[in-house]
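# Notes for the structure review
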Amino acid sequence: MHAGLRITAFAAALAATFGTAYGVGQGAGPVTEDETPARHDAHTGDSESGHSDHESPPAGGLQISENGYTLDLRTTRLAAGRTADLRFAIRGDDGRAVTAFRREHDKELHLIVASRDLNTYRHLHPTRAADGTWSIPVSLPRAGGYRVFADFTPEKKGAENLTLGADLAVSGTYAPQNLPAPDTTATTEGYEVKLGGALRPGAARELKLTVSRNGRPVTDLQPYLGAYGHLVALRSGDLAYLHVHPGGEPGDGSTEPGPDISFTATAPSSGTYRLFLDFKHEGKVHTAAFTVRAGAAATGEGASEEAPHESSGEHGH
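What counts as what
- Residues numbered from 1 in each chain as written.
- Predicted model: local features only at pLDDT ≥ 70, side-chain atom pairs only at ≥ 80, totals over all residues.
- Heavy atoms only, no water.
- Helix = DSSP H or I, 4+ residues; strand = E, 2+ residues; numbered from the N terminus.
- Buried < 20%, exposed > 50% of the residue type's maximum accessible area, 1.4 Å probe, protein only.
- Contact = heavy atoms within 4.5 Å.
- Areas by Shrake-Rupley, 256 points an atom, 1.4 Å probe, with all protein chains shown as cover.
- Pairing = 2+ DSSP bridges.
- Salt bridge = Lys/Arg side-chain N within 4 Å of Asp/Glu carboxyl O.
- Phe/Tyr/Trp six-rings, centres within 6.5 Å; stacked < 30°, edge-to-face > 60°.

## Brief notes about the overall build of the protein
Scanning the protein from N- to C-terminus turns up 2 helices and 21 strands. Sorting the 317 residues of the protein into buried and exposed places 50% on the buried side. When contacts within the protein are restricted to residue pairs at least 6 apart in sequence, long-range pairs at least 24 apart make up 69% of them. When the accessible surface of the protein is summed, it comes to about 13,400 Å², and 45% of that surface belongs to carbon and sulfur atoms.

## A closer look at the pairing of strand β12 (residues 162-174)
Extensive coverage of β12 is indicated by the burial of 11 of its 13 residues. The pairing of strand β5 (residues 77-79) with β12 spans 3 bridges and is classified as parallel. Paired with Ala-79 across the bridge in β12 is Ser-171. As paired strands, strand β11 (residues 144-152) and β12 are joined by 9 bridges and run antiparallel to one another. From the neighbouring strand, Phe-152 faces β12, where its bridge partner is Leu-162.

## What about unusual backbone geometry?
Excluding glycine, a negative phi dihedral is what most residues carry, and trans is how most peptide bonds are arranged. In this chain, Gly-258 is followed by Pro-259 through a cis amide linkage whose omega measures 0 degrees. Position of Pro-259 among the secondary structure elements: in the loop between β18 (241-244) and β19 (260-265). Located in the positive-phi region is His-105, a residue other than glycine, with phi close to 50 degrees. On the basis of relative accessibility, which here comes to 21%, the residue His-105 falls in the partly exposed class. Unusually for a residue other than glycine, Glu-189 sits at a positive phi of about 50 degrees. Note that Glu-189 resides in the loop between β13 (185-188) and β14 (191-196). Classification of Glu-189 as partly exposed rests on a relative accessible area of 39%.

## Focus: the pattern of salt bridges
Any two side chains of opposite charge can pair, on the condition that their charged atoms come close. Evaluation of the coordinates by the stated rule reveals 10 salt bridges. Across the pair Arg-128 and Glu-108 runs a salt bridge, and its minimum N-O distance is 3.1 Å. On the criterion of sequence distance, the pair formed by Arg-128 in strand β9 (residues 127-128) and Glu-108 in the loop between β6 (84-91) and β7 (109-115) is long-range, its members being 20 residues apart. Using a relative accessible area of 26% as the deciding quantity, one classes Arg-128 as partly exposed. Overall, the relative accessible area of 22% leaves Glu-108 in the partly exposed class. When the shortest N-O distance is used, the salt bridge between Arg-213 and Glu-282 registers 2.9 Å. With a gap of 69 residues between them, Arg-213 in strand β15 (residues 205-213) and Glu-282 in the loop between β20 (271-281) and β21 (284-294) connect regions that are remote in the sequence. When its relative accessible area of 26% is taken as the criterion, Arg-213 is described as partly exposed. Look at the salt bridges and you will find they share partners, linking Asp-72, Arg-74 and Arg-91 into a network.

## A short note on the packing of aromatic side chains
Following the criterion strictly, the structure yields 7 aromatic pairs and no others. Judged by centre distance (6.2 Å) and plane angle (5 degrees), the ring pair of Phe-88 and Trp-134 falls under stacked. Taken together, the residues Phe-88 in strand β6 and Trp-134 in strand β10 (residues 133-138) connect sequence positions 46 residues apart. Arranged with centres 4.0 Å apart and planes meeting at 0 degrees, the rings of Tyr-121 and Phe-276 form a pair that is stacked. Here Tyr-121 is found in strand β8 (residues 121-124), whereas its partner Phe-276 is found in strand β20, with 155 residues between them in sequence.

The analysis is restricted to geometry; functional conclusions fall outside its scope.
The following block contains the structure:
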């Protein structure tokens, strides 16, 4: 991952709110374990045709393979509410599993798992075996379609940071949920986080997140992944992936351990985004989530303050 900002995009949302991919039909229905999730192996959408706003970051991504590397997701199905190992490998263009990675932000690889409706989010750090197989126990609360993002840099001269993505099916009774309504305040496990600033298409803008507990500012945040906060943004609809890091780092002589954590981010387009902030305090990692809009609001996007959000849970250290 790069300090500042790195962006990759993933397109091709499941058709008709999983109706085609999982045979859900209308309302609620079963998702069976023997159904195979869609896989995306080619550039589509913005990543191939280019973005009309030339000042916007390139919306690459959506692919399971890029620059000679492939995400080989060996676990393509899980059952809702059950803990099971999520296993995968990163393969080079010779078909062999990659075993050498550059350590960035304290880890060789960062794994993000998010539901297509953006109500469930996990930031995980799996363990790599000697043969290049990565694994981590995962429990996902609800049935439906999920996206798995592997963010890494191969230990090879000239290799660039990559984020590859693959689809994951979670079986069980599927009940669609709306995206939570836009808000500038999020609560998580007794903490309140306020969001200042806004995403702008094609323009870098500062986002400032302020952490408090019981009405008092938190001024003793602990380093997490080499920073006082870690922010991921996903675009609703196609799950375009933005990965940003705060300005400054612990020990640089100017960055305070809270209550403010600042980031610089550029939205690749207008639309609705879900922001997930991870921060560490008193030995535990917490996740606060926000729905925000960049540019013109996306037409037909549902918004419900009653939709539950499952963002905390496994962080995979």
